[in-house]
Amino acid sequence: MTVKSDIRAEANRLRAAFEARGAETFEPQILQPAGALLNLYGEEIRARAFVTQDPLRGEMMLRPDFTVPLVQAHIDATRAETRYTYAGEIFRRQEDDDTRPTEYMQVGFEIIGHAPGPDAEISADAEVFATIAEALAGLPVTGTIGDFNVLTTAILGLDTPRRRKDALLRHLWRPTRFKALLDRFSRPAPPVPAPADLHIPHVGLRSPIEIETRLALLAEEAETPPLKSVEVDRLMALMAIRSTAPAAVDDIKDIAGGDEDIVDAARGVEARLDALAEKNIDPAALRFEASYGLTALEYYTGFVFGFSAAGVPTVATGGRYDLLTATLSGGRSIPAVGGVIRPDAALALKAAS
Amino acid sequence: MTIKLGIPSKGRLMADTFDWFGARGVTITRTGTDREYAGRVDGVDGVELVLLSAGEIPRELAAGRIHLGVTGSDVVQEKIARWETKIAPLAPLGFGHADLILAVPKTWTDVRDLADLDAVADAFRRTHGFRLRIATKYHRLVRAHLKAAGVASYQLVDSQGATEGTVANLTAEAIADITSTGATLDANHLKVIGDVMHKSQATLFQSLTAELSNKDKGFLSDLRVKLAI
């Protein structure tokens, strides 16, 4: 078992390497106000983070990650494009598996507020990936990438009303629920329930108008034709892609058939592979999984990646999180991408090899 | 040493538990005054009575401070993470039945199942600017149930009693609580949606963490023979 001081030394070494790549150090408090995190993740975060009570400040959380406080600090300071690094403990509550640690170190490298547009995104995505890859050089890890843009493009391209697409997009992170929604939208909608009898007293904050509005929506649903099975099959085929990266690009294009939007999404993956190749990362050595990162905390929205090896926890993960910055800034567009390394896993790999 | 048997210290649950043991030839009696929490177990050897609040029995079982205990299966599952590794059910006692359910106002005819609730929770958040509130004291069970069903955009608010009233009091939009007849739900203009989250009843549990000497094992085995469990 690696001792904590060794892990801390490794974390500091990694952070120094990121500083040398132009990142400034961020050091947030361990105790964070719970409000922003609860608002972002909802009730599910309570099962995954330690919540505690401060008599004056109210509900506080032991930070479950660095990204949320970092983005808040970036927004509060109204900074322009900045590279950040940090190293420290994060805390995760484990309700079901007592072999998983409740606290471990993370070292991060993040680019927040870079220029908008596809070229700047591709360049920032490649820079973060390459910087993390460089920090792990020499370790027997396999890099895997994914791109949510492929799936979201396929969902937005479905021949169905926007509200159904929104429902699917909202549950992309919950595979079981997502599949249930797809099934529901693939069958004729059930009959519309009648409004309640007038003699039943209405209770609660949700108003009769809200109920009426939704009943009208259900009536519209009942008239909406089911999803075309060819489109559902295509979406499922895209979600199932797991291959070497260059082969996956061909797979996406094949599955796309003539759909130009999906072909464009494939080109986006290709452009990232090209940008990585320019940084001396061999695309043929990377895996591509279209559903990669879908079960993580739900803030990645585009390019995602991870580095893993047998016998240790995932050594590094990262991705683009433009939706998170938009949510925390009240709707502003602040392009951002970042990744974290677990120094304990990196050290364990070093010791094993 | 003796086997410590934890039993709820008051009310219907205590009386029914005494009757259940009594019917099987194990007589439990309170000793001293009505207010003194002491008692005696007759009909078997080596069993000592510990009177406790029903809500504390799961914790005492998990910590191994009592060997056996009677409480609702709902409180065990709610209070003890990975309870099955620390506590084993020995026998359902056939009383104290209650179902943990989720309920919404009867006028919500647009909500027929949890998928509807999820859609409504999403719309509610956009309309009101905060997450739909579900009042409950069963935080873990409810969260696990809603997670499995893929319901998002809700929040749990703690309610330790009179939970059915929270909707009319505008402190919650829905509730999750135990019910046996449904009369209280009905009186508060609420209806059940989705499946029963947990079917609870009073259960005799054994601690898997409490130490047992060989002599204790003998006592326990005699008790189980006597109780036919």
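None of the values given here were measured: they were computed from a predicted structure.

Draft legend 1. Broad picture of the overall build of chain A. Counting its secondary structure elements, chain A contains 13 helices and 12 strands. Expected size for 353 residues packed as a compact globule is a radius of gyration near 20 Å; at 22 Å, chain A falls within 12% of this value. Each principal axis of the C-alpha distribution contributes one length, and for chain A these read about 70 × 60 × 40 Å. Looking at chain A as a whole, 38% of its 353 residues are labelled buried. Within chain A, contacts between residues at least 6 apart in sequence are counted, and of these 70% link residues at least 24 apart.

Draft legend 2. Region of the structure containing the domain arrangement of chain B. Residue and element names in this part refer to chain B. Domain parsing of chain B yields domain 1 (3–97 + 201–227) and domain 2 (98–200). Computed over C-alpha atoms, the centres of domain 1 and domain 2 are 32 Å apart. Contact residues are listed per partner, giving 8 residues for domain 1 and 9 residues for domain 2. Counting residues per element, the side of domain 1 that touches domain 2 draws most heavily on helix α3 (residues 73–79), at 4 residues. In terms of residue class, the side of domain 1 that touches domain 2 is built from no nonpolar, 6 polar and 2 charged.

Draft legend 3. View of the nonpolar core. With 81 residues, the main nonpolar core has Ile132, Ile145, Val150, Leu238, Ile252, Val315 and Ile341 of chain A as its most contacted residues. If we ignore the near neighbours within four places in the chain, the residues touching Leu238 of chain A are Val150, Leu151, Ala154, Ile252, Ile255 and Ala290 of chain A. In terms of nonpolar packing, the next biggest core, distinct from the first, is built from 35 residues, Ile101, Ala119, Ala121 and Leu190 of chain B among them.

Draft legend 4. Inspection of the pairing of strand β3 (residues 51–54) of chain A at higher detail. All names here are of chain A. Pairing analysis gives 4 bridges linking β3 to strand β4 (residues 58–62), with the strands arranged antiparallel. Bridging across to β4, Gln53 finds its partner in Glu59. Hairpin connection between β3 and β4: a loop of 3 residues separates the two successive antiparallel strands.

Draft legend 5. Quick peek at unusual backbone geometry. Its identity as a non-glycine residue notwithstanding, Asn280 of chain A has a phi of 65°, on the positive side. Along the chain, the position of Asn280 of chain A falls in the loop between α11 (260–278) and β9 (287–289). Phi is positive for Arg82 of chain B, which is not a glycine, with a value near 50°. Inspection of the secondary structure assignment puts Arg82 of chain B in the loop between α3 and β6 (87–92).

Draft legend 6. Examining the environment of His171 of chain A more closely. The topology assignment puts His171 of chain A in the loop between α6 (162–170) and α7 (175–185). The spatial distance from the C-alpha of His171 of chain A to the C-alpha of Leu294 of chain A is 9.9 Å, given a sequence separation of 123 residues.

Draft legend 7. Molecular detail of the packing of helix α5 (residues 148–156) of chain A against helix α9 (residues 229–239) of chain A. All names here are of chain A. Viewed as axis vectors pointing N to C, α5 and α9 meet at an angle of 175°, and their least axial separation amounts to 10 Å. Taken together, α5 and α9 sit at an angle that is classed as roughly antiparallel. For the pair formed by α5 and α9, the contact residues are Val150, Leu151, Ala154 and Ile155 on the first element and Arg234, Leu235, Leu238 and Met239 on the second. Class assignment for the residues of the contact of α5 with α9 results in 7 nonpolar, no polar and 1 charged.

Draft legend 8. Spotlight on the sheet that holds β4 of chain A. Residue and element names in this part refer to chain A. Read from one edge to the other, the open sheet built from 3 strands follows the order β2-β4-β3, with strand pairing classed as antiparallel. Two strands close off the open sheet at either side, each with one partner strand: β2 (31–33) and β3. Across the sheet, the mean angle from the axis of one strand to that of its neighbour is 45°, orientation sign disregarded.

Rules used throughout
- Residues numbered from 1 in each chain as written.
- Chains lettered and ligands numbered in written order.
- Predicted model: local features only at pLDDT ≥ 70, side-chain atom pairs only at ≥ 80, totals over all residues.
- Helix = DSSP H or I, 4+ residues; strand = E, 2+ residues; numbered from the N terminus.
- Rg over C-alpha atoms; globule rule 2.2 N^0.38 Å.
- Buried ≥ 20, exposed ≤ 12 C-beta atoms within 10 Å, placed from the backbone.
- Contact = placed C-beta atoms within 7 Å.
- Domains from an automatic or database assignment.
- Nonpolar A, V, L, I, M, F, W, Y, C, P; charged D, E, K, R; others polar.
- Core = buried A, V, L, I, M, F, W, Y, C linked by C-beta atoms within 7 Å.
- Pairing = 2+ DSSP bridges.
- Axes fitted to C-alpha atoms, helices over the stretch in contact; angles between N-to-C directions.
- Parallel < 35°, antiparallel > 145°, perpendicular 65-115°, else oblique.

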